[in-house]
Amino acid sequence: MYIPASGYEAAYQRISTGSLLVFASSDADSVCALRILTTLLKRDSIGHKVIPVESYRDIKKTTDTLSPQVKSLVFLNCGAMVDIQDLVELGDLVVLVIDSHRPFNLYNVFWNEQVLCFDDGDVEKHTELRRAFEDIEFGSDSENEEDEDEDEEQQQQQQGPKRSASDGDSRKRRKRTDMDPEEFISAQRRRAERRDERTQNQALIQAYYTQGAYHGRSCALTTLALAEQLGIAPTPDLVWWAAVGATSQFVMQHIDSSGYMMVVEQMRDLVRRVSPTAPARATSRSARATARAMPTANAAQSSQGELDSQLNVAARPQSDAFSPYLDLIPEDEDEGYLRAKDAGLLTSSRSIAQRRELSESPELKFPLLRHWSLGEAMQNSAFVATRLATWSSKGRARLDLLLAKLGLSQLEAREPFLHLAPELKAQLHRRIGEIGADYDMSDAHFPGFVRYFGWRKSTVSADDMVLALHALLQSKGFFAAYDALAQYGVLHKGIAEAMGLQKTVVGLGISMLERQVVKTLRAFRLAISDTPVMPFALRQLALFLMQTLRERSSRAHTRLPFVIAAPSSEEDKLVVLGVTPMDYVGASVGKATYAGESRNHFGLVFESVAGDLGIDVAMGFFDSSMLVIGRSDMSAFIDRLRRRL
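Residues numbered from 1 in each chain as written. Predicted model: local features only at pLDDT ≥ 70, side-chain atom pairs only at ≥ 80, totals over all residues. Heavy atoms only, no water.

**Student:** Give me the overall build of the protein chain: which residues, what numbers.
**Tutor:** A count of helical and extended segments in the protein chain gives 27 helices and 17 strands. Sorting the 645 residues of the protein chain into buried and exposed places 54% on the buried side. Within the structure as shown, the protein chain displays about 29000 Å² of accessible surface, and the carbon and sulfur contribution to it stands at 49%. (Helix = DSSP H or I, 4+ residues; strand = E, 2+ residues; numbered from the N terminus. Buried < 20%, exposed > 50% of the residue type's maximum accessible area, 1.4 Å probe, protein only. Areas by Shrake-Rupley, 256 points an atom, 1.4 Å probe, with all protein chains shown as cover.)

Rendered as structure tokens:
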């Protein structure tokens with residue numbers, strides 16, 4: 001059954017007894033939601049075990065040998081799209097499903113009261129869908145009953161009259177046969193109306209399932225809403241984890257810009273409650289206008305740059321430049337920190353962190369900007385590469401010219417952004433706003449959130465955190481990503497991994513464009529990479545290629561979806577992923593709250609094509625548009641896919 005927002009607390013209370021098993025999908029949103037959930041479970045002394053999973057096969061392996069001591073299951077960012085009863089022998093189990101994947105399997109939300117699906121309003125508004133489902137599953141089928149009666153009557157006439165306990169029913173049948181013409185016509189009309197109604201209900205259910213995949217509210221945001229219902233006051237950690245989880249949907253383009261702005265509005269008040277700060281001081285009229293349009297808190301970052309300049313940090317040789325990751329040295333062993341403290345240039349990193357721990361911040365679509373130079377951030381930005389075509393010499397020249405117009409010398413463009421002069425940082429957003437349109441980059445800004453860790457540690461934005469978590473998930477595993485949300489030492493390793501991964505994705509994408517690997521077919525574009533790419537990076541690569549070619553295509557091809565394949569970690573297997581632009585609208589049953597009208601139909605098509613060919617495929621990362629297929633089956637799969645779309 002579906003649980004509206006007002007019922008989260010009551011649903012949670014049903015898992016408060018006995019042992020609990022948590023299936024957590026291996027993605028950033030799920031990791032953040034798990035952090036919030038385990039905070040609640042520990043507070044309430046609920047024994048639990050966490051099992052990271054990447055597919056429904058992983059879940060089935062565990063549920064087939066489930067201990068009788070387990071009384072409750074929780075599915076984080078998985079479970080919504082399949083019938084839970086196909087995965088678990090329910091018995092007396094209580095199952096909580098907190099998942100952003102849509103559409104729901106209707107048996108989960110309208111059938112079994114042991115399966116509790118947290119709804120974000122998506123199901124609640126589908127009153128006609130619920131009526132149709134209940135009519136099909138629970139309503140009487142009068143047409144079939146009457147047909148059965150007619151068959152029994154014909155059979156009885158052939159066998160001769162029989163005296164039995166069913167004589168009463170026989171009399172009813174004779175009475176119906178002997179009814180007057182008007183009554184007979186009325187009965188036939190009712191039967192036709194009933195048949196039409198059932199056909200319409202079946203069509204409505206079919207339309208819901210075939211509308212394509214999309215995403216609802218972030219799993220982390222839903223878990224935070226549960227915490228609030230339980231009376232837990234928001235803390236910087238809880239709010240930060242929710243912000244990162246929600247931002248992951250925007251980074252991976254699971255929700256549209258309108259949906260993301262809803263998230264920003266929801267998070268804004270919470271951020272201010274847990275970390276009240278004053279907006280950063282604007283240095284000019286236009287900068288003040290930017291601050292009003294997009295409140296920021298870069299003051300801590302500017303103070304850091306000011307402090308660096310007073311300590312002559314920027315004057316050091318590049319090879320000996322201050323590294324933000326030396327912050328792992330304890331304060332009492334950091335000579336630079338102690339000199340600055342003795343000089344009265346700061347109070348303590350701890351007090352700074354407490355005073356300005358979370359903040360809204362205007363962000364640029366230059367990933368990991370705070371952790372490398374501005375030049376590197378722009379060179380390794382899929383957004384910049386798409387708009388400037390930096391794989392060409394002309395595009396690279398335009399990037400150099402853009403940096404010059406931003407007021408940066410080549411040396412400053414290569415300098416770690418952390419040490420860039422405060423006045424250059426302050427004018428960066430304003431200058432990009434002024435000249436961005438000349439480079440097709442007027443939409444380079446987006447509102448975001450940042451977390452401060454004191455002047456000795458790098459400020460981290462929510463979108464950079466997402467990239468770090470995905471990098472750790474792919475290189476070091478689920479629990480490394482889980483630890484990174486609470487341990488800065490693990491986080492900085494994730495940031496380093498993310499920087500390397502970002503370079504790989506953009507570099508591979510540029511190489512594929514130069515080699516013209518992408519083929520434009522009638523209904524979609526296709527690219528097959530010879531280089532193994534992990535699933536999250538594969539999606540980033542597909543989005544980069546799709547958006548780049550979209551910007552440089554004729555109008556007829558701008559909205560073509562994209563299919564990409566790359567070698568899997570399994571021998572002789574390929575990972576196949578289908579992505580669609582956010583404005584790719586199919587026949588839907590309504591506008592989703594967070595994803596709008598955008599739908600991804602590849603999951604349904606992939607499943608149908610695989611079924612036609614009789615080949616074995618596996619869904620990847622609970623994403624119906626990602627599957628693992630045998631390399632030998634790929635040619636036939638693509639050929640059938642071309643004919644199907």
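More follows now that the structure is in view.
**Student:** Go over the layout of surface pockets, please, and point to the residues and values.
**Tutor:** Its boundaries defined by the atoms lining it, the largest pocket holds a volume of some 1000 Å³. Counting residues per element, the ones that place at least two in the lining of the largest pocket are helix H11 (236-251), helix H12 (257-274), helix H18 (382-388), strand E10 (445-451), helix H22 (462-475), helix H24 (488-514) and helix H25 (535-551). When grouped by side-chain class, the residues that make up the lining of the largest pocket number 20 nonpolar, 8 polar and 7 charged. (1 Å grid on protein atoms, 1.4 Å probe; cavity = no way out; pocket = protein on both sides within 12 Å on 5 of 7 lines; lining within 4 Å. Points joined across faces, edges and corners; volume = space filled by probe spheres on them. Nonpolar A, V, L, I, M, F, W, Y, C, P; charged D, E, K, R; others polar.)

**Student:** Break down the packing of helix H2 (residues 28-43) against H11 for me, citing the residues and quoting the values.
**Tutor:** Look at H2 against H11: their axes get within 8 Å of each other, and the N-to-C directions meet at 160°. Taken together, H2 and H11 sit at an angle that is classed as roughly antiparallel. Pair H2 / H11 crosses with left-handed handedness. On H11, the residues that touch Ala 28, Asp 29, Cys 32, Arg 35, Ile 36 and Thr 39 of H2 are Leu 238, Trp 241, Ala 242, Val 244, Gly 245, Ala 246, Ser 248 and Gln 249. (Axes fitted to C-alpha atoms, helices over the stretch in contact; angles between N-to-C directions. Parallel < 35°, antiparallel > 145°, perpendicular 65-115°, else oblique. Left-handed = near helix turned anticlockwise from the far one by under 90°. Contact = heavy atoms within 4.5 Å.)

**Student:** An account of helix H10 (residues 219-229) is requested, with residue identities and associated values reported.
**Tutor:** Summarising burial for H10: 9 of the 11 residues are buried, a large majority. Along H10, the positions that sit buried rather than exposed are Cys 219, Ala 220, Leu 221, Thr 222, Thr 223, Leu 224, Ala 225, Leu 226 and Ala 227. The distance from a side-chain oxygen at the start of H10 to the backbone nitrogen of Ala 220 is 3.1 Å, and the residue carrying that oxygen is Ser 218. Of the residues trailing H10, Gly 231 is marked for its positive phi of about 85°. (Polar contact = N/O pair within 3.5 Å; in protein donor to acceptor, adjacent residues only side chain to side chain.)

**Student:** I'd like to hear about unusual backbone geometry, residue by residue, with values.
**Tutor:** With an omega dihedral of 5°, the bond running from Arg 102 to Pro 103 counts as a cis peptide bond. You can see Pro 103 is positioned in the loop between strand E6 (101-102) and helix H5 (106-110). Positive phi, close to 55°, is recorded for Gln 253, a residue that is not glycine. The residue Gln 253 is located in the loop between H11 and H12 in this model. Take Gln 253: its relative accessible area is 32%, and that puts it in the partly exposed class. Notably, Phe 622 is not glycine yet its phi reads approximately 60°, a positive angle. Mapped onto the elements, Phe 622 comes out in the loop between strand E16 (618-620) and strand E17 (623-630).

**Student:** Describe in detail the pairing of E10, supporting the description with residues and values.
**Tutor:** With 6 of 7 residues buried, E10 is to be regarded as a mostly interior element. In this sheet, E10 lies alongside strand E9 (residues 358-364) in antiparallel orientation, the contact comprising 7 bridges. Bridge pairing links Leu 364 to His 445 in E10. Pairing of E10 with strand E11 (residues 460-461), which is carried by 2 bridges, proceeds in the antiparallel orientation. (Pairing = 2+ DSSP bridges.)

**Student:** Before we move on, could you go through the sheet that holds strand E3 (residues 48-53) and cite the residues and values that matter?
**Tutor:** Reading across the sheet, the 6 strands line up as E1-E7-E5-E4-E2-E3 and stay open at both edges, with parallel pairing between neighbours. The open sheet has two free edges, formed respectively by strand E1 (2-3) and E3, since each of these has just one partner strand. The pairing of strand E2 (residues 19-25) with strand E4 (residues 70-76) spans 6 bridges and is parallel. Pairing of Phe 23 across the sheet is with Phe 75, part of E4. In the packing of helix H3 (residues 56-63) onto the sheet, the strands contacted are E2, E3 and E4, and the crossing angle to E2 comes to about 165°. Strands E4, strand E5 (94-98) and strand E7 (115-118) of the sheet are contacted by H10, whose axis makes an angle of about 125° with E5.

**Student:** Give me the lowdown on the state of the cysteines, citing residues and values where you can.
**Tutor:** If you walk through the whole model with that rule in mind, you get 0 disulfides. Looking at Cys 78, it has no disulfide partner, and the nearest cysteine sulfur is the one in Cys 219, 8.4 Å off. The exposure class assigned to Cys 78 is buried, which follows from its relative accessible area of 0%. Judged by relative accessible area, which is 1%, Cys 219 ranks as buried. (Disulfide = S-S within 2.5 Å.)

**Student:** Kindly report on the packing of helix H26 (residues 602-613) against helix H27 (residues 634-644), identifying the contributing residues and their values.
**Tutor:** One can describe the packing of H26 onto H27 by two numbers: an axis separation of 10 Å at closest approach and a directional angle of 120°. Viewed along their axes, H26 and H27 adopt a mutual orientation that is oblique. Handedness of the crossing formed by H26 with H27: right-handed. Touching Val 605, Phe 606, Ser 608, Val 609, Ala 610, Asp 612 and Leu 613 of H26 are Ala 636, Phe 637, Arg 640, Leu 641 and Arg 644, all from H27.

**Student:** How would you sum up the packing of aromatic side chains? Please name residues and give values.
**Tutor:** Evaluated as defined, the whole model comprises 17 aromatic pairs. Ring geometry for Phe 479 against Tyr 482: centres 6.4 Å apart, planes inclined by 75°, an arrangement best described as edge-to-face. With Phe 479 and Tyr 482 both in helix H23 (residues 478-484), this residue pair falls 3 residues apart, about one helical turn. Relative accessible area serves as the criterion here: at 41%, Phe 479 is assigned to the partly exposed category. Overall, Tyr 482 belongs to the buried group, its relative accessible area being 11%. Its guanidinium or amino end placed over the ring of Tyr 482, Arg 35 lies 3.9 Å from that ring's centre, counting from NZ or CZ. (Phe/Tyr/Trp six-rings, centres within 6.5 Å; stacked < 30°, edge-to-face > 60°. Lys NZ or Arg CZ within 6 Å of the ring centre and 35° of its normal.)

**Student:** Quick rundown of the nonpolar core? Include the residues and the values.
**Tutor:** With 136 residues, the main nonpolar core has Phe 366, Leu 374 and Phe 562 as its most contacted residues. Counting 32 residues, the second-largest nonpolar core is a separate cluster that includes Ile 84, Cys 117, Tyr 208 and Phe 622. (Core = buried A, V, L, I, M, F, W, Y, C linked by side-chain atoms within 4.5 Å.)

**Student:** An account of the environment of Pro 103 is requested, with residue identities and associated values reported.
**Tutor:** Judged by its relative accessible area of 6%, Pro 103 is buried. For the pair formed by Pro 103 and Ala 80, sequence separation is 23 residues and the distance between their alpha carbons is 7.5 Å.

**Student:** Explain the environment of Ile 495 to me, and be specific about the residues and the numbers.
**Tutor:** Looking at the element boundaries, Ile 495 is found in helix H24. Given a relative accessible area of 0%, Ile 495 falls into the buried group. Remark: the alpha-carbon pair of Ile 495 and Leu 469, spanning 26 residues in sequence, is separated by 8.3 Å.

**Student:** Lay out the pattern of salt bridges in plain terms, naming residues and giving numbers.
**Tutor:** A full pass over the atoms with the stated rule returns 25 salt bridges. The salt bridge involving Arg 43 is made with Asp 44; its shortest N-O contact spans 2.9 Å. A relative accessible area of 44% means that Arg 43 is categorised as partly exposed. Glu 197 serves as the salt-bridge partner of Arg 131, at 3.7 Å between the closest nitrogen and oxygen. (Salt bridge = Lys/Arg side-chain N within 4 Å of Asp/Glu carboxyl O.)

Purely spatial values, then, with no claim about function.
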